[in-house]
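Structure assessment
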Amino acid sequence: MEFLLHALAGCVTTTTVLHAAARGIRIESISTKLSGRIDLQGLLDLDPAVPAGYESIEADCTDEELDELLKIAEGHSPVCNTVCRPVPVMLRRV
């Protein structure tokens, strides 16, 4: 789960920087910090009503910044796009 947060933070940050550069916006410094809440009852299969993954992911910025960031990330970050929409996953023994 930590790798998922790292991938999401890296991709959202890169997407933001690339879109800023494309718009002629110079970014002198950028930092992305994500945290998530997870109920281990789902991961450990102790309660079937509890999801196994993160319940939410939060960021450390203003509401306005987050709204704009999410708008860009949702539409253009490959990791965010993959996590935010249903993606079929096939697990099989090789």
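So, here's what we can say about the structure. (Residues numbered from 1 in each chain as written. Predicted model: local features only at pLDDT ≥ 70, side-chain atom pairs only at ≥ 80, totals over all residues. Heavy atoms only, no water.)

**So, the overall build of the protein**
Operational definition: Segments assigned H or I by DSSP are reported as helices when at least four residues long, segments assigned E as strands when at least two residues long, and all are numbered from the N terminus. By definition, residues are in contact when any of their heavy atoms lie within 4.5 Å.
A tally of helices and strands in the protein yields 4 helices and 2 strands. Along the protein, helices and strands appear, N-terminal first, in the series α-β-α-β-α-α. Put simply, of all contacts in the protein between residues at least 6 apart along the chain, 50% involve residues at least 24 apart.

**So, a nonpolar patch on the surface**
Rules: The residues that make up patches have over 30% relative accessible area and no salt bridge, and they are joined within 9 Å when like-charged or within 5 Å when they are Val, Leu, Ile, Met, Phe, Trp or Tyr. Here the Shrake-Rupley method, with its probe set to 1.4 Å, supplies the accessible areas, and only the displayed protein chains count as covering residues. A carboxyl oxygen of Asp or Glu within 4 Å of a side-chain nitrogen of Lys or Arg is what we treat as a salt bridge.
A contiguous nonpolar surface patch, about 290 Å² in accessible area, is contributed by Val17, Ile25, Ile27 and Ile30. Locating Ile30 in the fold gives a position in the loop between helix 1 (2-22) and strand 1 (34-38).

**Concerning the side chain of Ser77**
Residue position: Ser77 is located in the loop between helix 3 (63-76) and helix 4 (78-84). Non-local contacts of Ser77, meaning those with residues more than four positions away in its chain, are made with Cys11, Val12, Thr15 and Ile72.

**Description of the environment of Cys11**
The condition that has to hold: Partly exposed describes any residue whose relative accessible area lies between the buried limit of under 20% and the exposed limit of over 50%, with all areas from a 1.4 Å probe on protein chains only and scaled to the type maximum.
Take Cys11: it is sitting in helix 1. Owing to a relative accessible area of 14%, Cys11 belongs among the buried residues under this scheme. Sequence separation of Cys11 and Pro78 is 67 residues, and the distance between their C-alpha atoms is 7.1 Å. Sequence-distant contacts of Cys11, defined by excluding residues within four places in its chain, comprise Ser77, Pro78 and Val79.

**What to know about the environment of Gly53**
Its location among the elements puts Gly53 in the loop between helix 2 (40-43) and strand 2 (54-59). Using a relative accessible area of 24% as the deciding quantity, one classes Gly53 as partly exposed. Expressed as a C-alpha distance, the spacing of Gly53 and Ile38, which sit 15 residues apart in the sequence, is 6.2 Å. Residues in contact with Gly53, not counting those within four places in the same chain, are Met1 and Ile38.

**With respect to the environment of Val17**
For Val17, the position within the fold is in helix 1. For the pair Val17 and Ile27, spaced 10 residues apart in sequence, the C-alpha to C-alpha distance is 7.2 Å. Apart from the residues within four sequence positions on either side, Val17 is in contact with Ile27 and Ile30.

**Remarks on the side chain of Thr15**
Summarising the element assignment, Thr15 is placed in helix 1. When its relative accessible area of 7% is taken as the criterion, Thr15 is described as buried. Apart from residues lying up to four places away in sequence, Thr15 is in contact with Ile72, His76, Ser77 and Pro78.

**Structural notes on helix 1**
Defined as follows: Any helix carries an expected span of 1.5 Å times its number of residues minus one.
Counted at 1.5 Å a residue, the expected span for helix 1 with its 21 residues is 30 Å, and the 30 Å between its end C-alpha atoms agrees. Within the sequence span of helix 1, burial applies to Leu5, Leu8, Ala9, Cys11, Val12, Thr13, Thr15, Thr16 and Ala20. At the exit of helix 1 stands Gly24, carrying a positive phi of roughly 80°.

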